[in-house]
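# Secondary and tertiary structure notes
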There are 2 protein chains.
Amino acid sequence: MTGRLNDTDRQEEEAEAEDIPDVSITVVAKIAGVSIATVSRCINNPEKVTERTRLKVQKAIVETGYSPNTLAQSFRRGRTNLIMVVLPSIGDPFFTAVMHGIRTAAREKGYSILIEETQHTTMTADDIGALLVSRQTDGIILLASMSPFGTDILSAKSRRRLPIVVGCEKVSSDLADLPSVCIDSVDAAKEATNYLIAQGHERIAMIYGQESSLLTKDRELGYRAAMKTAELKIRDGWLVAGQLSISGARQATRELLDHTERPTAIFCANDEMAIGCLHEIKVAGLTVPGDVSVMGFDDIRYAEVMDPPLTTIGQPADEIGERVMHRLCKRIEEGRGNGDNQAQIVPHKLVIRQSVAKPSS
Amino acid sequence: MTGRLNDTDRQEEEAEAEDIPDVSITVVAKIAGVSIATVSRCINNPEKVTERTRLKVQKAIVETGYSPNTLAQSFRRGRTNLIMVVLPSIGDPFFTAVMHGIRTAAREKGYSILIEETQHTTMTADDIGALLVSRQTDGIILLASMSPFGTDILSAKSRRRLPIVVGCEKVSSDLADLPSVCIDSVDAAKEATNYLIAQGHERIAMIYGQESSLLTKDRELGYRAAMKTAELKIRDGWLVAGQLSISGARQATRELLDHTERPTAIFCANDEMAIGCLHEIKVAGLTVPGDVSVMGFDDIRYAEVMDPPLTTIGQPADEIGERVMHRLCKRIEEGRGNGDNQAQIVPHKLVIRQSVAKPSS
DNA sequence: CGCCTAATTGTAAACGTTTACTCTGCAGGC
DNA sequence: GCCTGCAGAGTAAACGTTTACAATTAGGCG
């Protein structure tokens, strides 16, 4: 009786699974009347197999609905065709634009993409190293430079051969020996600041990201450099953190507007913050650019439709994404440590719209 | 001589790889002086092993820098701890908000996330089925309902037991037997339209997504229903596609503004398009809400900082994400086909800001 | 007709885990 | 002192591929 019951159970289970069948290469081989090696060859090296055999096998594959077990393949080949992208926040339209480029290139090469956010996460360089070691992914794209990479399980020497490519930010000294694709952020920030200066602004404040993030560090450096060159003073409290978010930027903007020496122009380290800045200025009853000019950075797709449209620095996000991915592919394919470790600089451009004007006072 | 050379080569290779060592469980076992089974147990079932042995093994692990080969584990266990999220576009802030919720829940459970965009992709239901069959991922979250799922390798019966959960959109009939988490879009769109009507609008147009997308279909249905109930006529050309993008919506808006019977209010099927709509109206020299009122849908984070701030329908994106992920986890853990197949409805809410006012004319 | 070569297919090992099963000792009860 | 039971550790099989190598076949040429 018990036996019967079990049988019934088993049958039911099998019936349940009928549509997602568990056929391995073995059953295909059996049905086609060939060895498993031949089946494998039919799939991976069809040219090494007779037309006749190939058809037999093809028929068996269709018949059984066979599809190779990716897990077994990955295991055997030691490749997952997965690459990991580490970025601060997937919500930032700039990064999604870069992602678009990455994805385009990835699709060409047959890679899928695993996204890891550092924001709100305690992900450390160790985690990344661990992920690499565990071979879950074939390579890593770092869109968020991680400060303490140097102090890690990975020595400088080995880092140079790792399948890692850095994008979007001039690499800090820690990552200097990794290949990268990015604009010259320092120069771009200088250009932005100089444009404000050229318009006649002297009281120029900046909203950067946050201390711990390298993302906006270079932009801050460019701002400082430009101000210094123009012999303009950066007052205490003119350099304030905006957390890379709209709300953070609004808070920061409020502080700037309340400053005893209110700036006539605010340079935001990215457009996301510039949007918050813009809004907060209007909430305060002031106008842009009448009372305060606002300059952004990134040229995300919303910049153009702001009111007023945002003057900003344009980055070729799509191109960065594609190039980063292509370099990573090359690195993976050619084995680690093909000498290609230099930093590629792509051009940025100043996009002049209407959020910056000459100061009224 | 040749032997020497080879030796040297080998040594060099090993030196190259020194930091990303190739230690398997076997070498750990050897060093610790135990069997590989014991090492495995130390890692996965520490309670089944003597304190003494565990320490020995622990020491060997640290010494060698061993880390289990994830590929082998996945292969052996038949699980990847990867889930796939299929969505129309990762650039849409609404989806990134949902993603945030998904990610939060995923992290808790130890899952990583693979993102697949349907936009600009020819990904079909077949591809999804294939991905499932190939076991690359343990489960799938569909934020983009796919129309022709029914005609597929997967029968209705088997679909009911697949590790798939649908989010964000009331499921079409094809997917009716899959578990889902979403707002009642039809009802929400009705509410939005009714609000416009209540403000006194009679000439109300709508910008929906695109024919092929189910994403905005329900919203269109709600709009139609509300208009019908209020006995308002939808003129030819008042229902126009916006491609779910800013530029598409701008184009659509231009058409609406050029219409012989210009609408006094435009209901956009999502905020992204509402932003484009808003901008195009202003470009045309008209004001919002003075000349035309604009209503959005989703309440993305930019809605609030538009000028004027956007009146829209709020969806609990974060909650949707978390709930979808939790249900998927349960489905994966409990084996397929735990009876939990119903559609969960989460509440939406009308967010009144300033882009809608009474019609002037 | 037999041998050599090339083309095709088969055999079996290997990848690194996990785990069912077996074995070894040791403690405790009789 | 012997048997039982059990905890801890080992042995080996299995997962589904790929691939080096061996075996077979066929065909061409002397």
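Refer to the preceding data block for the structure.
Residues numbered from 1 in each chain as written. Chains lettered and ligands numbered in written order. Predicted model: local features only at pLDDT ≥ 70, side-chain atom pairs only at ≥ 80, totals over all residues.

Once that is clear, we can look at the protein's contact with DNA strand D. Taken together, 26 residues lie near DNA strand D, and Ile25(A), Ala37(A), Ser40(A), Asn69(A) and Ala37(B) sit nearest. Within the residue set of the surface near DNA strand D, elements represented by two or more residues are helix H3 (36-44) and helix H5 (70-77) of chain A together with helix H3 (36-44), helix H4 (51-64) and helix H5 (70-77) of chain B. The leading source of residues in the surface near DNA strand D is H3(A), at 6 residues. Of the residues belonging to the surface near DNA strand D, the class tally is 12 nonpolar, 9 polar and 5 charged. (Near = placed C-beta within 6 Å. Helix = DSSP H or I, 4+ residues; strand = E, 2+ residues; numbered from the N terminus. Nonpolar A, V, L, I, M, F, W, Y, C, P; charged D, E, K, R; others polar.)

Each neighbour pair has its own omega, and for Val288(A) with Pro289(A) the value is 0°, a cis peptide bond. With respect to the secondary-structure elements, Pro289(A) resides in the loop between helix H12 (271-283) and strand S9 (293-295). Here the phi dihedral of Glu231(B) falls at roughly 55°; this positive angle occurs in a residue that is not glycine. In this fold, Glu231(B) is placed in the loop between helix H10 (217-229) and strand S7 (239-241).

Further remarks concern the environment of Ala357(A). Residues and elements named next belong to chain A. As for its position among the elements, alanine 357 is in the segment after strand S12 (349-351). When the 20 C-beta atoms within 10 Å are taken as the criterion, alanine 357 is described as buried. Once the C-alpha coordinates of alanine 357 and threonine 311 are considered, the two residues, 46 residues apart in sequence, prove to be 9.8 Å apart. Ignoring anything within four residues of it in the chain, the contact list for alanine 357 reads Gln199, Pro289 and Ser293. (Buried ≥ 20, exposed ≤ 12 C-beta atoms within 10 Å, placed from the backbone. Contact = placed C-beta atoms within 7 Å.)

Right, let's talk about the packing of helix H9 (residues 185-198) of chain A against helix H10 (residues 217-229) of chain A for a bit. Residues and elements named next belong to chain A. Here H9 crosses H10 at 45°, and the two axes come no closer than 7 Å. In this view, H9 runs oblique relative to H10, as classed from their interaxial angle. You can see that H9 and H10 cross each other, and the crossing is right-handed. Between H9 and H10, the residues in contact are Ser185, Val186, Asp187, Ala188, Ala189, Lys190, Thr193, Asn194 and Ile197 and Asp218, Arg219, Leu221, Gly222, Tyr223, Ala225, Ala226 and Met227, respectively. Counted by class, the contact of H9 with H10 contains 9 nonpolar, 4 polar and 4 charged residues. (Axes fitted to C-alpha atoms, helices over the stretch in contact; angles between N-to-C directions. Parallel < 35°, antiparallel > 145°, perpendicular 65-115°, else oblique. Left-handed = near helix turned anticlockwise from the far one by under 90°.)

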